[in-house]
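Coordinate analysis (summary)
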Amino acid sequence: MSSIKLIRTQSNEEIIAEIVEETGEGYVLKNPCVLAPTEKGLGFFPWMPFGDLEGFVLPRSEVRYTVNLKNELRNEYANAFSKLAVRCSVSLTCNRFDM
């Protein structure tokens, strides 16, 4: 099982993450992030930028609910965390780089 979900926590945080596994303890998350306003609209930012979240399990007791993302947002998330990202400069020339 691997799906991208919007997770509402008991503290009312909204986390977007790939749930790679559900265990008896909770949800194993990959690339958890939050949406925040930027000069260009909304952007993805790490949920806990200074923590090592590899294999992080969010306890079930801390989750109010999970919902599917709208297609457009799910696609943006998937593109942001793909192995290959494409960035375009203002002049519309594209540069590829591995993350």
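Coordinates for the structure precede this section.
Quick summary incoming for the structure in this document. (Residues numbered from 1 in each chain as written. Predicted model: local features only at pLDDT ≥ 70, side-chain atom pairs only at ≥ 80, totals over all residues. Heavy atoms only, no water.)

Here we take up the pattern of salt bridges. With the rule as written, the count across this model stands at 2 salt bridges. Between Glu14 and Arg8 there is a salt bridge whose closest N-O contact spans 2.4 Å. Residue classification places Glu14 among the partly exposed residues on the basis of a relative accessible area of 37%. A salt bridge links Arg60 to Glu22; its shortest N-O distance comes to 3.3 Å. Residue Arg60 is found in the loop between strand E5 (57–59) and strand E6 (63–68), and its partner Glu22 is found in strand E2 (residues 14–22); the two are separated by 38 residues along the sequence. Taking the relative accessible area as the measure of exposure, Arg60 reaches 35% and is therefore partly exposed. (Salt bridge = Lys/Arg side-chain N within 4 Å of Asp/Glu carboxyl O. Buried < 20%, exposed > 50% of the residue type's maximum accessible area, 1.4 Å probe, protein only. Helix = DSSP H or I, 4+ residues; strand = E, 2+ residues; numbered from the N terminus.)

Looking now at the side chain of Lys5. Mapped onto the secondary structure, Lys5 falls in strand E1 (residues 3–9). Of the polar contacts made by the side chain of Lys5, one reaches the side chain of Asn68; its length is 2.4 Å. Setting aside anything within four residues of it in sequence, one finds Lys5 in contact with Ile15, Ile16, Ala17, Ile19, Thr66, Val67, Asn68 and Leu69. (Polar contact = N/O pair within 3.5 Å; in protein donor to acceptor, adjacent residues only side chain to side chain. Contact = heavy atoms within 4.5 Å.)

Here the focus is the packing of aromatic side chains. Summed over all chains, the structure comprises 3 aromatic pairs. Where Phe44 meets Tyr77, the ring centres are 5.8 Å apart and the plane angle is 80°; that geometry is what we call edge-to-face. Of this pair, Phe44 sits in strand E4 (residues 41–46) while Tyr77 sits in helix H1 (residues 71–80), and the two are 33 residues apart along the sequence. Of the residues examined, Tyr77 reaches a relative accessible area of 2% and is grouped as buried. Ring centres 4.8 Å apart and planes at 45° place the aromatic pair Tyr77 and Phe81 in the tilted group. Here Phe81 falls in the partly exposed class, since its relative accessible area comes to 34%. An aromatic cluster of three or more residues is present, and its members are Phe44, Tyr77 and Phe81. (Phe/Tyr/Trp six-rings, centres within 6.5 Å; stacked < 30°, edge-to-face > 60°.)

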